[in-house]
Amino acid sequence: MSISDTTRLLAQIQKTALDAIFPPGCVNCAEPIDTPGNLCAQCWPEMTYISAPFCEMCGFPFEYDAGDGLICAACLKRPPVFSRARAVLKYDESSRNMILGYKHSDQTNRAPTFANWMHRAGVDLIGDCDFICPVPLHHRRLIKRRFNQSALLAKEVARLARKPAVHDLVIRTRPTRTQGGLSAKARHRNVQGVFKVNPAREALLEGARILLIDDVLTTGATVNACSKSLLKGGALKVDVLTFSRVVRATNTAI
Ligand SMILES: [Zn+2]
Ligand SMILES: [Zn+2]
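Residues numbered from 1 in each chain as written. Chains lettered and ligands numbered in written order. Predicted model: local features only at pLDDT ≥ 70, side-chain atom pairs only at ≥ 80, totals over all residues. Heavy atoms only, no water.

*Asks:* Is there a simple way to explain the coordination of the zinc ion (ligand 1) in this structure?
*Replies:* In an ideal tetrahedron of four donors about a metal, each angle is 109.5 degrees. In an ideal octahedron of six donors, the angles are 90 or 180 degrees. Cys 26 (SG), Cys 29 (SG), Cys 40 (SG) and Cys 43 (SG) make up the full set of protein donors to the zinc ion (ligand 1), lying at 2.3 Å. Every donor counted, the 4 donor atoms about the zinc ion (ligand 1) form angles of 104 to 115° at the centre, which fits tetrahedral coordination. (Donors = N, O, S within 2.8 Å, 3.2 Å for Na, K, Ca; no water. Tetrahedral: all angles 85-135°; square planar, octahedral: opposite > 155°, others 65-115°.)

*Asks:* Would you mind going over the coordination of the zinc ion (ligand 2) with me for this structure?
*Replies:* Protein coordination of the zinc ion (ligand 2) is provided by Cys 55 (SG), Cys 58 (SG), Cys 72 (SG) and Cys 75 (SG), with donor distances spanning 2.3 Å. Each of the 4 donor atoms bound to the zinc ion (ligand 2) contributes to angles spanning 104 to 114°, and the resulting shape is tetrahedral. Each donor residue of the zinc ion (ligand 2) belongs to the same chain, with the gaps between them written as C-x2-C-x13-C-x2-C. Taken together, the residues Cys 58 in the loop between helix 1 (3-21) and helix 2 (73-77) and Cys 72 in the loop between helix 1 and helix 2 connect sequence positions 14 residues apart. On the basis of relative accessibility, which here comes to 8%, the residue Cys 58 falls in the buried class. For Cys 72, a relative accessible area of 0% gives the class buried. (Helix = DSSP H or I, 4+ residues; strand = E, 2+ residues; numbered from the N terminus. Buried < 20%, exposed > 50% of the residue type's maximum accessible area, 1.4 Å probe, protein only.)

*Asks:* Would you mind going over the packing of helix 4 (residues 111-121) against helix 7 (residues 149-161) with me for this structure?
*Replies:* The geometry of a pair of packed helices is captured by two quantities: the angle between their axes and the separation between those axes. One can describe the packing of helix 4 onto helix 7 by two numbers: an axis separation of 8 Å at closest approach and a directional angle of 55°. Taken together, the axes of helix 4 and helix 7 are oblique relative to one another. Considering how the two elements wind past one another, helix 4 and helix 7 form a crossing that is right-handed. Along the contact surface, helix 4 presents Ala 111, Pro 112, Phe 114, Ala 115, Asn 116, Met 118 and His 119, while helix 7 presents Leu 152, Leu 153, Glu 156, Val 157, Leu 160 and Ala 161. Classifying every residue of the contact of helix 4 with helix 7 by side-chain character gives 10 nonpolar, 2 polar and 1 charged. (Axes fitted to C-alpha atoms, helices over the stretch in contact; angles between N-to-C directions. Parallel < 35°, antiparallel > 145°, perpendicular 65-115°, else oblique. Left-handed = near helix turned anticlockwise from the far one by under 90°. Contact = heavy atoms within 4.5 Å. Nonpolar A, V, L, I, M, F, W, Y, C, P; charged D, E, K, R; others polar.)

*Asks:* In this structure, what is going on with the sheet that holds strand 5 (residues 209-217)? I would like to understand it.
*Replies:* Two orientations exist for strands paired in a sheet by backbone hydrogen bonds: parallel and antiparallel. The strand order 1-6-5-2 describes an open sheet built from 4 strands, whose pairing is parallel. Strand pairing shows two members of the sheet lacking a second neighbour, strand 1 (84-90) and strand 2 (131-134), which therefore form its edges. Neighbouring strand axes in the sheet, compared pairwise and without regard to direction, differ in orientation by 20° on average. Where strand 1 meets strand 6 (residues 237-245), 6 bridges bridge the pair, whose relative direction is parallel. Within the sheet, the bridge partner assigned to Leu 89 lies in strand 6 and is Ser 244. Of the strands in this sheet, strand 1, strand 5 and strand 6 touch helix 3 (residues 93-104), which is tilted by about 110° from strand 1. (Pairing = 2+ DSSP bridges.)

*Asks:* Please explain the side chain of Asp 215 as it appears in this structure.
*Replies:* For Asp 215, the position within the fold is in strand 5. Looking at Asp 215, its side chain comes within polar contact range of the side chain of Lys 103, at 3.2 Å. Not counting residues within four places of it along the chain, the set of residues in contact with Asp 215 comprises Lys 103, Gln 149, Ser 150, Leu 153, Thr 242, Phe 243 and Ser 244. (Polar contact = N/O pair within 3.5 Å; in protein donor to acceptor, adjacent residues only side chain to side chain.)

*Asks:* When you look at the layout of surface pockets in this model, what are you seeing that I'm missing?
*Replies:* Over the atoms rolls a probe the size of a water molecule, and in doing so it shows where empty space is left. The space that makes up the largest pocket amounts to roughly 860 Å³. Looking at the largest pocket, it is lined by 27 residues, and the ones nearest its centre are Ala 74, Arg 78, Ala 184, Thr 219 and Asn 224. Elements that contribute at least two residues to the lining of the largest pocket include exactly helix 2, helix 8 (184-191) and helix 10 (221-232). Residue composition of the lining of the largest pocket, by class: 13 nonpolar, 8 polar and 6 charged. (1 Å grid on protein atoms, 1.4 Å probe; cavity = no way out; pocket = protein on both sides within 12 Å on 5 of 7 lines; lining within 4 Å. Points joined across faces, edges and corners; volume = space filled by probe spheres on them.)

*Asks:* What am I meant to see in helix 3 here?
*Replies:* The periodicity of an α-helix, 3.6 residues per turn, causes residues three or four places apart in sequence to face the same way. With 12 residues, helix 3 ought to run about 16 Å at 1.5 Å a step, and its terminal C-alpha atoms sit 17 Å apart, in line with that. Turning to helix 3, its buried residues are Ser 95, Met 98, Ile 99, Gly 101, Tyr 102 and Lys 103. Those residues of helix 3 hidden inside the fold are in contact with strand 1, helix 4, helix 6 (139-145), helix 7, strand 5 and strand 6. Where helix 3 ends, the next residue or the one after it, Asp 106, has phi of about 65°, a positive value. (Expected span 1.5 Å × (residues − 1).)

Right, here's the structure in full:
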């Protein structure tokens, strides 16, 4: 076999391996693309990627750079329970279908792509953590949906980061109604006291720095409630990494 044949064969093997991990088409519209695990040239510019400058705490993006360590108005008024939150992109008209397709339509082959982007967006948080854990689903919802979309992301981020993922660090003590369509106050009430540390994992948690993974950050009520239970259980700090986040105009920089 000539060198060019070998190179072609290796390229084919690599492509087959990538096709097995990533969806072959654009992760949003499924149009054919050259590099699997990506967006096509039409979808890429449609998304709003979150990058600095942003709120040091919740990761809310600011329109202009007014210096390091800025905190948004919402965090100043009511600091989150977690230390920092970061996200890959804005949850909006352009990204909604891609995210909902992943969450509700069994398009779980999007997880490696999303996790790849999360790994980049959360590099500082990942470097600082001891364990990666997902926001849990209640077992009844898990049976219905058949997978926990946050656990899949946590598993992939942990694999890329070479950090341990502990999927059952936190458990849901009761089912909650979905947070969609609820006001910020109702969301907060809905998840109050819902999470608790898995008694079988208590020993792991003492003094540990945790990176909590979820698909979307909306008001922060869920990750706040989850962080509260982790800190109560002995964690030193909790950071949050999500694929997407809602960006509301009310967070303006202070
Ligand atoms: Zn596309
Ligand atoms: Zn903030």
